[in-house]
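Listed here are the chains, written in short residue letters.
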Amino acid sequence: MTLRSLIKAVWLIGIYFFCLIGFAQETSSNSESETNSKSTFFDSKERQRFFAIMIGGHKPFTSGDNFMGEGLEGKSGIDFKVQMYIYKHFFIGLSTGASYFNVKNQELLGAYKKSRIAENYVYIGYEFFPTDKLRLGLNISIDSDLDYKNTGFSTSDISEQNDSAKLNRYGLYLNYELSKHFMVYLDYGYNESKTEIVVPAELDNFFKKGKYSTIGLGLVFTIGSRDLISRFVD
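A brief look at the structure comes next.

Each value, and the rule that gives it
- Residues numbered from 1 in each chain as written.
- Predicted model: local features only at pLDDT ≥ 70, side-chain atom pairs only at ≥ 80, totals over all residues.
- Heavy atoms only, no water.
- Buried < 20%, exposed > 50% of the residue type's maximum accessible area, 1.4 Å probe, protein only.
- Helix = DSSP H or I, 4+ residues; strand = E, 2+ residues; numbered from the N terminus.
- Pairing = 2+ DSSP bridges.
- Contact = heavy atoms within 4.5 Å.
- Polar contact = N/O pair within 3.5 Å; in protein donor to acceptor, adjacent residues only side chain to side chain.

### Describing the pairing of strand 3 (residues 90-103)
A regular strand carries its side chains on alternate faces of the sheet. For strand 3, the buried fraction is high: 10 of the 14 residues fall into the buried class. As paired elements, strand 2 (residues 72-87) and strand 3 share 14 bridges and run antiparallel to each other. Residue E73 lies in a different strand from strand 3, and its bridge partner there is N102. Connecting strand 2 to the antiparallel partner strand 3 that follows it, the hairpin turn spans two residues, and K88 within it adopts a positive phi of roughly 55°.

Right, here's the structure in full:
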């Protein structure tokens, strides 16, 4: 089973399961008296969440002396993420999405006009609380599955070309809380893909890695008011 199919399976089963638990325990906790505790930059019991769903879009920017930096120009992208808070504000998440590019140098890359990267990865991270309405999150990918699809070939005998890669991603985001379970986010990600593109030895370094950054904007929906471990320990 590929990482992409695993992520899809987890979404179908996990989202349904966690939503049921989250809403059930949220209803239960609302009937009890809430305990006031002081919020700090590193922790906030009142702003603890169990599960988050993020939907948004992004703009990719290529960089560096590599096939992406020299040959591609970022166009647009879409993101869909789900993350569960394991203990306090430490979370694990699953992400799927796509980034779209135009080819700006066919002499370097080949006779095609567009490229799309389908991005699927698992990540971990932690949230901090700089103000009453803001959440600052840091995350890093721990497993990934990328698929490059090149289209718009000038020759009629080729319709598309596919290549695979792995992703190292380092990200941060800033959430603004509009209400208890609804937020807007602004995020940044630095992405380095390690490709499996087969090229002559003299071009290996140029095509071995592709670097691009993303700036994104979207919505966040959360459920629950307790992390996973606290639900079983307390």
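### A few points about the environment of H58
Relative to the helices and strands, H58 is located in strand 1 (residues 51-63). Owing to a relative accessible area of 7%, H58 belongs among the buried residues under this scheme. The spatial distance from the C-alpha of H58 to the C-alpha of Y188 is 9.0 Å, given a sequence separation of 130 residues. Once you skip the residues sitting within four places of it in the chain, H58 turns out to touch S76, G77, I78, D79, A98, S99, E119, T214, I215 and G216. In terms of polar contacts, H58 uses its side chain to reach the side chain of D79, at 2.6 Å. Among the polar contacts made by the side chain of H58, one reaches the side chain of S99 at a distance of 2.8 Å.

### Some thoughts on unusual backbone geometry
A negative phi angle characterises most non-glycine residues, just as the trans form characterises most peptide bonds. With a phi close to 55°, K88 is a non-glycine residue in the positive phi region. Looking at where K88 falls in the secondary structure, it is placed in the loop between strand 2 and strand 3.

### What to know about the environment of K166
Summarising the element assignment, K166 is placed in strand 6 (residues 160-179). Residue K166 is classed as partly exposed on the basis of its relative accessible area, which comes to 42%. With residues near it in sequence (within four places) discarded, K166 still touches D143, S144, L146, E192, S193 and K194.

It is worth stressing that arrangement in space is one thing and function is another; only the former is reported here.
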